[in-house]
Amino acid sequence: METDPDDAQDQVAGLTDLLVAGLEALAKAGQAETACRMAGKACAVLRGTNPPQWRKFNALLHRLSRQVPFGQPQAAEKSHDP
């Protein structure tokens, strides 16, 4: 049984919306940097194959990046301080 391309696109759009909402919640919980990294990875996956969904993650990445302090050591770098 083949999947209707329109149904598949609707499913991807629905999953994208769900993931964007989850990343927004993650950022609100104090994990904006992690949410940005995940949004960036989603952008990389969708870049050449699904521009409408890529735009959603790209917009989220730009919104969330304002919440990440510039020039601050990352959490992994902080744990190595003496």
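Each chain has its residues counted from 1, following the order in which its sequence is written. For a predicted model such as this one, the threshold for reporting local features is a pLDDT of at least 70, and the threshold for listing and counting side-chain atom pairs is 80 or more; totals across whole chains, interfaces and linings nevertheless cover every residue. The basis for every side-chain value is the complete set of heavy atoms in the structure, and neither hydrogens nor water enter the calculation.

## A word on the overall build of the chain
Step number 1: A helix here means a DSSP run of H or I that spans at least four residues, while a strand means a run of E at least two residues long, and both kinds are numbered starting from the N terminus. Of regular secondary structure, the chain possesses four helices and zero strands.
Step number 2: Ordered by position in the sequence, the α and β elements of the chain form the string α-α-α-α.
Step number 3: Pairs of residues are marked as contacts when any of their non-hydrogen atoms sit within 4.5 Å. Of the contacts made within the chain by residues no fewer than 6 positions apart, 60% connect residues no fewer than 24 positions apart.
Step number 4: Using a 1.4 Å probe, the Shrake-Rupley method yields the accessible areas, and only the shown protein chains count as cover for residues. For the chain, the exposed area adds up to about 6,100 Å²; of that, 57% sits on carbon and sulfur atoms.

## So, the nonpolar core
Step number 1: Leu 23, Ala 27, Ala 35, Phe 57, Leu 60 and Leu 64 are the most contacted members of the largest nonpolar core, which totals 13 residues.
Step number 2: Mapped by element, the contributors of at least two residues to this core are α1 (5-28), α2 (32-46) and α3 (51-65).
Step number 3: Here this core gets seven residues from one element, more than from any other, and that element is α2.
Step number 4: Leu 60 has contacts with Val 20, Leu 23, Glu 24 and Ala 39, leaving out every residue within four places of it along the chain. Joining through side-chain atoms within 4.5 Å is the link that ties buried Ala, Val, Leu, Ile, Met, Phe, Trp, Tyr and Cys residues into a set, and such a set is a nonpolar core. The classification of residues rests on relative accessible area computed with a 1.4 Å probe and restricted to protein chains. Under 20% of the type maximum is buried, over 50% is exposed, and intermediate values are partly exposed.

## A few points about a negative patch on the surface
Step number 1: A patch consists of residues whose relative accessible area exceeds 30% and which take part in no salt bridge; residues with like charges are grouped when within 9 Å of each other, and nonpolar side chains (Val, Leu, Ile, Met, Phe, Trp, Tyr) when within 5 Å. Take a side-chain nitrogen of Lys or Arg and a carboxyl oxygen of Asp or Glu: if they are within 4 Å of each other, that pair is a salt bridge. Two residue types count as positive, namely Lys and Arg, and two as negative, namely Asp and Glu; His and chain ends fall outside the count. Charge positions are represented by NZ for Lys, CZ for Arg, CG for Asp and CD for Glu. Side chains of Asp 4, Asp 6, Asp 7 and Asp 10 sit close together on the surface and give a patch of like negative charge.
Step number 2: Its location among the elements puts Asp 6 in helix α1.

## Digging into the environment of Pro 69
Step number 1: Within the secondary structure, Pro 69 sits in the loop between α3 and α4 (75-78).
Step number 2: Relative accessible area serves as the criterion here: at 53%, Pro 69 is assigned to the exposed category.

## Details of the packing of α2 against α3
Step number 1: Angular values range over 0 to 180 degrees, each being the angle between N-to-C directions of two axes fitted as lines to C-alpha atoms, with helices fitted over their stretch in contact. Axis separation between α2 and α3 bottoms out at 9 Å; the angle between their running directions is 155 degrees. For the element pair α2 / α3, the angle class is roughly antiparallel. Here the hand of the crossing between α2 and α3 comes out left-handed. In contact with Ala 35, Cys 36, Ala 39, Gly 40, Ala 42, Cys 43 and Leu 46 of α2, α3 contributes Pro 51, Gln 53, Trp 54, Phe 57, Asn 58, Leu 60, Leu 61, Leu 64 and Ser 65.
Step number 2: Basically, the charged four are Asp, Glu, Lys and Arg, the nonpolar ten are Ala, Val, Leu, Ile, Met, Phe, Trp, Tyr, Cys and Pro, and anything else, Gly included, counts as polar. Its residues placed into classes, the contact of α2 with α3 shows 12 nonpolar, four polar and no charged. The cut-offs work like this: below 35 degrees is roughly parallel, past 145 is roughly antiparallel, 65 to 115 is roughly perpendicular, and the gaps in between are oblique. Put simply, a crossing is left-handed when the front helix is turned counterclockwise from the back one by less than a right angle, and right-handed when it is turned clockwise.

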